[in-house]
Amino acid sequence: MATHQPVPPPPTSESLEEDELNQEVRDVISSLPTVEGWLSHYQGFWIPTKCMHGVLATQKHLQAHETDILLATIPKAGTTWLKAILFALVNRVRYLDSQQHPLLANNPHTLLPFLETKLFYKKNEVSDLTLLTSPRLFATHLSYSSLPTSVKNSTCKIVYVCRNPKDTFVSQWHFQNKVGALMVTKPVSNSLEQSFNNFCRGMSVYGPFWDHVLSYWIESLEKPEKVFFLKYEEMKEQPIIHLKRLAEFLGCSFSPEEEEKGRVNDILKLCSFDNLSNLEINKKGKSSVFGIENASYFRKGEVGDWKNYLTAQMVERLDCITEEKFHTVGLKF
Ligand code: PAP
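Named according to an unreviewed UniProt entry, the chain is Sulfotransferase originating from Morella rubra. The UniProt entry for the chain carries this comment under Sequence similarities (unreviewed entry): "Belongs to the sulfotransferase 1 family."

Okay, here's the thing in structure tokens:
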């Protein structure tokens with residue numbers, strides 16, 4: 001099995017014309033409508049303004065390889081969990097028996113970086129991603145429509161993970177309260193009610209939530225060999241089944257010997273909420289993404305926590321929107 005480099009990409013090697021990129025980026029960003037002091041409206045979605053440099057650089061420069069694997073999620077749908085699972089799955093021959101598994105010493109966000117963060121775009125340079133070993137593992141919060149053209153045109157695989165909108169909202173709200181100050185450019189109101197209103201109106205991070213989910217859902221129906229669509233809740237309920245499906249989709253099915261040896265469970269155990277959240281690196285470290293504390297990515301990891309936060313009215317409103325947006329395409333939560 002091919003292996004993936006368990007460290008962040010090497011320093012940049014391909015320089016851009018500083019003024020050209022800066023001016024281009026400045027022009028695009030300054031022309032975008034903004035809301036709440038930190039989100040910019042770009043190609044139909046609300047993207048953290050701090051990510052816009054990375055988004056533009058990715059769209060312009062990323063050359064997808066046929067063997068690439070891209071994890072796509074809306075924030076708080078299970079990104080950290082699936083990053084860990086993908087890394088452990090693809091690298092299982094190399095690392096699963098190792099006492100020094102990279103996941104024991106690195107937060108999943110370090111091992112499987114976001115395309116649109118500064119990891120790949122620093123100041124005026126784009127990282128040389130061709131130096132990474134195959135298959136390259138990346139993540140993104142971009143909608144399908146905003147993915148770099150080369151990703152859409154290549155045969156690379158996309159794993160999309162979503163989560164029911166009520167838990168996604170509650171998780172986003174908690175996260176925003178914890179780390180929001182790192183993202184905003186001016187103070188914002190973060191009451192549950194205000195955030196909920198914004199979420200329902202589509203003004204949430206990488207939202208509208210429903211358009212994001214739909215963009216991948218439709219693509220997964222049309223191109224099931226390219227887009228694997230997974231719900232957080234399904235993965236929680238039947239992790240063995242879905243991990244095996246995922247491996248098959250990626251062309252690295254578990255052999256009968258591996259199954260007998262308990263490899264599927266080994267991966268699930270390694271990547272479980274309890275295991276990851278209790279590792280020193282995830283209790284104390286800071287992530288490569290805007291210096292956010294790793295612990296912020298581990299809260300409860302449960303299905304249905306929304307019951308502790310949303311009123312009956314809020315539930316009705318969210319359910320109504322979801323029904324309206326999804327019923328014609330057969331998507332249920
Ligand atoms: P991101 O999109 O900003 O990277 P993401 O990892 O999707 O964040 O969101 C974190 C959520 O996944 C948290 O959910 P909660 O707020 O409802 O608790 C977090 O607890 C949960 N999570 C993190 N790791 C795991 C895991 N190993 N298993 C299940 N859930 C997890």
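Let us now look at the packing of helix α8 (residues 165-179) against helix α9 (residues 192-200). Two elements in contact, α8 and α9, have axes separated by 11 Å at closest approach and are oriented at 130°. One element, α8, and the other, α9, form an angle in the oblique class. Of the two elements, α8 crosses α9, and the hand of that crossing is right-handed. Taking contact as the criterion, the partners of Pro-165, Phe-169, Gln-172 and Trp-173 in α8 are, on α9, Leu-192, Ser-195, Phe-196 and Phe-199. Of the residues contributing to the contact of α8 with α9, the split by class is six nonpolar, two polar and no charged.

What follows covers the sheet that holds strand β3 (residues 39-42). Here we have three strands laid out as an open sheet, ordered β2-β3-β4, and antiparallel in their pairing. Of all strands in the sheet, those bounded by a partner on one side alone are β2 (34-35) and β4 (45-48). When β3 meets β4, the two strands line up antiparallel, connected through four bridges. Residue pairing across strands places Ser-40 opposite Ile-47, the latter belonging to β4. Contacts from helix α2 (residues 52-61) reach β3 and β4, with the element oriented near 30° to β3.

A few words on the side chain of Ser-146. Note that Ser-146 resides in the loop between β8 (137-140) and α7 (149-153). On the basis of relative accessibility, which here comes to 2%, the residue Ser-146 falls in the buried class. Contacts of Ser-146, omitting those with residues within four sequence positions, involve Gln-43, Gln-59 and Lys-152.

What follows concerns unusual backbone geometry. Along the chain, Ser-134 connects to Pro-135 via a cis peptide bond; the corresponding omega equals -5°. With an omega of 5°, the peptide bond between Gly-207 and Pro-208 qualifies as cis. Within the fold, Pro-208 resides in the loop between α9 and α10 (209-222). The backbone of Lys-76 sits at a positive phi, close to 80°, despite the residue not being glycine. Counting through the fold element by element, Lys-76 comes out in the loop between β5 (69-73) and α3 (79-90). Positioned with a positive phi, Tyr-206 is a non-glycine residue whose angle comes to about 60°. If you trace the backbone, Tyr-206 turns up in the loop between α9 and α10.

This part covers the layout of surface pockets. For the largest pocket, the calculated volume is near 860 Å³. In this structure, the largest pocket is lined by 47 residues; those nearest its centre are Lys-76, Gly-78, Thr-79, Thr-80 and Tyr-297. Secondary-structure elements contributing two or more residues to the lining of the largest pocket are α3, α8, α11 (232-237) and α15 (273-277). Looking at which element gives the most residues to the lining of the largest pocket, the answer is α8, with nine residues. For the lining of the largest pocket, the class distribution of residues is 24 nonpolar, 13 polar and ten charged.

Conventions used here
- Residues numbered from 1 in each chain as written.
- Predicted model: local features only at pLDDT ≥ 70, side-chain atom pairs only at ≥ 80, totals over all residues.
- Heavy atoms only, no water.
- UniProt positions renumbered as here; feature names shortened; annotations may be inferred.
- Axes fitted to C-alpha atoms, helices over the stretch in contact; angles between N-to-C directions.
- Helix = DSSP H or I, 4+ residues; strand = E, 2+ residues; numbered from the N terminus.
- Parallel < 35°, antiparallel > 145°, perpendicular 65-115°, else oblique.
- Left-handed = near helix turned anticlockwise from the far one by under 90°.
- Contact = heavy atoms within 4.5 Å.
- Nonpolar A, V, L, I, M, F, W, Y, C, P; charged D, E, K, R; others polar.
- Pairing = 2+ DSSP bridges.
- Buried < 20%, exposed > 50% of the residue type's maximum accessible area, 1.4 Å probe, protein only.
- 1 Å grid on protein atoms, 1.4 Å probe; cavity = no way out; pocket = protein on both sides within 12 Å on 5 of 7 lines; lining within 4 Å.
- Points joined across faces, edges and corners; volume = space filled by probe spheres on them.

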